[in-house]
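Results of the structural survey
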Amino acid sequence: MNRSGTLPTPSDAVLVRLANIAVHAEELLAPDQPTAKARVGLTKAKNDRRRTMEALLVLLADPEVHGYVAKLEKLGILPVKG
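Let me begin by describing the structure that accompanies this report. In this text, all values refer to a predicted model and were calculated from it rather than measured experimentally.

Description of the side chain of aspartate 62
Secondary-structure assignment places aspartate 62 in the loop between helix 2 (42–61) and helix 3 (63–74). Of the polar contacts made by the side chain of aspartate 62, one reaches the backbone nitrogen of valine 65; its length is 3.1 Å.

Observations concerning the environment of valine 58
As for its placement among the helices and strands, valine 58 is situated in helix 2. Along the primary structure valine 58 and arginine 17 are separated by 41 residues, whereas in three dimensions their C-alpha atoms are 10.0 Å apart.

Examining the environment of leucine 29
By the secondary structure assignment, leucine 29 is in helix 1 (residues 12–29). Taking relative accessible area as the criterion, leucine 29 reaches 72% and is therefore assigned exposed. Once the C-alpha coordinates of leucine 29 and arginine 49 are considered, the two residues, 20 residues apart in sequence, prove to be 9.4 Å apart.

Criteria and thresholds
Residues numbered from 1 in each chain as written. Predicted model: local features only at pLDDT ≥ 70, side-chain atom pairs only at ≥ 80, totals over all residues. Heavy atoms only, no water. Helix = DSSP H or I, 4+ residues; strand = E, 2+ residues; numbered from the N terminus. Polar contact = N/O pair within 3.5 Å; in protein donor to acceptor, adjacent residues only side chain to side chain. Buried < 20%, exposed > 50% of the residue type's maximum accessible area, 1.4 Å probe, protein only.

Structure follows, in structure tokens:
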């Protein structure tokens, strides 16, 4: 915790990006479920997962998100990377 005993306050932009990361992570980790009744081929499923992973990586590389995560790591709040 910082001097005042609270977490650093993220900007609205960081909060939106973190929410996007959570949504994309849920999509990526969820069992395959076709969202429509149309048949979904294996290639389309792989491409959808690839696009989701790319979106996650872009969000994680965002300088504001990276800076906020670094603050939390410095405070010892996040797990240590292996």
